[in-house]
Amino acid sequence: MPTPSRVEAPRRRSTGEPLPDRHLLYTAAVQHVALDLEHLEEIYGGGRRRRPTLLREDFCGTAALACGWAASAPDRHACAVDLHGPTLAWARRRRLPALGEAAARVTLFQADARVVTRPRVDVVTALNFSYWVFKTRRALCAYFTAARRSLNPGGMLLLDAFGGNDAAQALVEASRVAASRGPAGERIPPFTFEWEQVSFNPVDHALRCHIHFRLRDGRRIPRAFSYDWRMWTLPELRETLAEAGFDDAAVYVQDWDDAAGQALASYSRRDRFENQSGWLAYVVGRVAR
Ligand SMILES: C[S@@+](CC[C@H](N)C(=O)[O-])C[C@H]1O[C@@H](n2cnc3c(N)ncnc32)[C@H](O)[C@@H]1O
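The structure displayed is predicted, hence computed values, not measured ones. (Residues numbered from 1 in each chain as written. Predicted model: local features only at pLDDT ≥ 70, side-chain atom pairs only at ≥ 80, totals over all residues. Heavy atoms only, no water.)

(A) Representation of the site of the ligand within the structure. Around the ligand sit 18 residues, and of these Tyr26, Phe59, Asp82, Ala113 and Asn128 come closest. Within the complex, the protein chains bury 85% of what would otherwise be the 600 Å² of accessible surface of the ligand. Its residues placed into classes, the shell around the ligand shows 10 nonpolar, five polar and three charged. (Near = heavy atom within 4 Å. Areas by Shrake-Rupley, 256 points an atom, 1.4 Å probe, with all protein chains shown as cover. Nonpolar A, V, L, I, M, F, W, Y, C, P; charged D, E, K, R; others polar.)

(B) Spotlight on the environment of Ala259. Within the secondary structure layout, Ala259 lies in the loop between β12 (248-257) and β13 (262-269). Sequence-wise, Ala259 and Glu243 are 16 residues apart; in three dimensions their C-alpha atoms are separated by 40 Å. (Helix = DSSP H or I, 4+ residues; strand = E, 2+ residues; numbered from the N terminus.)

(C) A look at the packing of aromatic side chains. The final tally for this structure, using the stated rule, is 19 aromatic pairs. Taking 6.3 Å as the distance between ring centres and 50° as the angle between the ring planes, the aromatic pair formed by Tyr131 and Phe144 counts as tilted. In this pair, Tyr131 sits in the loop between β4 (121-126) and α5 (137-149) while Phe144 sits in helix α5, placing the two residues 13 residues apart along the sequence. Residue classification places Tyr131 among the buried residues on the basis of a relative accessible area of 0%. By relative accessible area, Phe144 is classed as buried at 0%. (Phe/Tyr/Trp six-rings, centres within 6.5 Å; stacked < 30°, edge-to-face > 60°. Buried < 20%, exposed > 50% of the residue type's maximum accessible area, 1.4 Å probe, protein only.)

(D) Broad picture of helix α1 (residues 22-30). Within α1, seven of the nine residues are buried, which leaves the element mostly enclosed by the surrounding structure. Considered for burial, the residues of α1 that qualify are His23, Leu24, Leu25, Tyr26, Thr27, Ala29 and Val30. The secondary structure elements touched by the buried residues of α1 are α4 (85-95), β6 (171-177), β8 (187-188), β9 (191-201), β10 (206-215) and β11 (220-230). Capping the start of α1, Asp21 holds a side-chain oxygen 2.7 Å from the backbone nitrogen of His23, two or three residues further along. (Contact = heavy atoms within 4.5 Å. Polar contact = N/O pair within 3.5 Å; in protein donor to acceptor, adjacent residues only side chain to side chain.)

And the structure:
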């Protein structure tokens, strides 16, 4: 989740330029592919003889992680699965050409992640909380079962989750995002990313959220992305992974620097931790070797 920061005042009015592409802004604001790949490799097990080569990115959106995976080594292949044709078309048009020869190692599938089980892979990812779209235990278990059936011996399903005292309430957090470049070198201007939790229902854990973008010239892209989720708890996720046949279900929590009072980039496996205003975790289901 974004780090809260002061909401920035608009500097100047619109120049008549077209608004930046919302997928580019999303990637710059919330996706950290290099870090995710680093964590994935550490969690998979750096000391193992066999390194993972086959990855499936479920709920892939524009397939940023799948593309990063294929680009990371010539023996790495990725599948990327999403229900939404136009978003996959964006990935095909904007991301794959910039990958060069690695593009041949990325396959995009338009499908419900609950029905895909082949080809078998070493790692399945479902990041940025996208599996929270499943609102019942039955639907969640169907997804986890499909993911388990997709894995080679020793494989893992990597999920992320957030929680803490602030997670279950209405709020808006704003963070500045510096100028950057898109997959084909496109200029992404600096902007402010707003994460809005509209409502949380303690009865069914329904969480409704929006992402808004605000440009430095004062223009906004309100509700660029909206989410209608169930906020799953860590014990529910571990129990459902076990129900779906995973041999191990572990939680890796983002480390915290007490002295500096800030989150670190690393994650550690934990069986307990003190609740905080906000925390981020990976939840990992493993299949035995
Ligand atoms: C929050 S985006 C995730 C984008 C990307 N994975 C990330 O890490 O930021 C959620 C995506 O899940 C897709 N989606 C929703 N339900 C799905 C399902 N049952 N199977 C596959 N994709 C689904 C949506 O089309 C959307 O592109």
